[in-house]
Amino acid sequence: MTMKLSNLSVGLRLGASFGAILLITALIAATGMWRIASLQNASERVATQEIEQQTLVEDWASDIRLNWVRTEAFLKAIDRDYMDKLTADTQATATGMEAKVKRIEALVQGEQARGLLAAIATARQAYNDKLAEIRELHRGGEPNVPAMVDKDLRPLADKYLKSLDDLRRAMGTQLAESQADTSALAKASQVLLGMGTLIAVALGALLAFTVTRSIVRPVQLGKEAAENIADGDLTHPIEANGNDETGQLLQALATMQSRLASIVGNVRHNAEGVATAS
């Protein structure tokens, strides 16, 4: 690895190292933003859509139970003023209920939930048909209306309410599952970001060590060579590897050492010649 790096300039090595670290940091940041956006979308879905539809279904079931009590009381009552009040209250609740039903139909997703809505619609239609029939008999003065309410209408009302309870339980299960999914997504995001951070730290440390070693080691060799030359030791070999700045410095030192050795050798040879001639 060092031999390959030594063929690159110091500036290029430093730039590539810092660029790699910045790239890793950018990838971690992008991953974090992506996971946070996913978590935000999941949280918003739970906090708005699923909680809203759960609340609407609860209100719908409450309205149906309330209107059933009113309807039963109306069909068994004999006080005209009380009956008129029950009719007005029932119609007001039914009007508000229609808006809730439309909103629920717009929010509900999945085959299971839509199947439950279809079952509710069937039970509702059967209840309303029987209610209209009994109301007509009630207006005609049929004396057996209270018995018909208990025998014929109550089972249909119970079936209607049961279908709503089935949807309410399904919405509750869906909400719990979505909350669990959101929690799992949050934990997975934490693990992913933690692992990404550890990997980034490890790669950054490896890059820093490798690049620093590829620069510091030749400089240290150059320092040792310069100290040997300063001490008069021209025999210590200088290994000059690489074509970068530090490699060129070692090559220059090796050339200087060789030339100094040659000069010293010539001087010594000349001195010995002079001594012999004398």
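Structure: above.
Residues numbered from 1 in each chain as written. Predicted model: local features only at pLDDT ≥ 70, side-chain atom pairs only at ≥ 80, totals over all residues. Heavy atoms only, no water.

## Observations concerning helix α4 (residues 111-139)
In step 1: With 29 residues, α4 extends 42 Å between its outermost C-alpha atoms, agreeing within 8% with the 42 Å of an ideal straight helix rising 1.5 Å per residue.
In step 2: Along α4, the positions that sit buried rather than exposed are Ala113, Leu116, Leu117, Ile120, Ala123, Arg124, Tyr127, Leu131, Ile134 and His138. (Helix = DSSP H or I, 4+ residues; strand = E, 2+ residues; numbered from the N terminus. Expected span 1.5 Å × (residues − 1). Buried < 20%, exposed > 50% of the residue type's maximum accessible area, 1.4 Å probe, protein only.)

## Observations regarding helix α3 (residues 80-107)
In step 1: Helix length check: α3 (28 residues) gives 41 Å between terminal C-alpha atoms against 40 Å at 1.5 Å per residue, within 8%.
In step 2: When we look at burial in α3, the residues that qualify are Met83, Leu86, Thr90, Thr93, Met97, Val101, Ile104 and Leu107.
In step 3: Residue aspartate 79 occupies the N-cap position of α3, its side-chain oxygen lying 3.0 Å from the main-chain nitrogen of aspartate 81. (Polar contact = N/O pair within 3.5 Å; in protein donor to acceptor, adjacent residues only side chain to side chain.)

## What to know about the side chain of arginine 70
In step 1: Tracing the sequence through the fold places arginine 70 in helix α2 (residues 10-76).
In step 2: The buried charged residue arginine 70 lacks any salt bridge partner; its closest oppositely charged side chain belongs to aspartate 89, at an N-O distance of 4.6 Å.
In step 3: Excluding residues within four positions of it along the chain, arginine 70 makes contact with Leu86, Asp89, Thr90 and Thr93. (Lys, Arg positive; Asp, Glu negative; His and termini not counted. Salt bridge = Lys/Arg side-chain N within 4 Å of Asp/Glu carboxyl O. Contact = heavy atoms within 4.5 Å.)

## Things to note about the nonpolar core
In step 1: Counting 35 residues, the largest nonpolar core has Trp60, Leu75, Tyr160 and Leu167 as the members making the most contacts within it.
In step 2: Mapped onto this core, the elements with two or more residues apiece are α2, α3, α4 and α5 (145-230).
In step 3: With 11 residues, the top contributor of residues to this core is α5.
In step 4: If sequence neighbours within four positions are ignored, tryptophan 60 has contacts with Met97, Val101, Ile104, Leu117, Ile120, Tyr160, Leu164 and Leu167. (Core = buried A, V, L, I, M, F, W, Y, C linked by side-chain atoms within 4.5 Å.)

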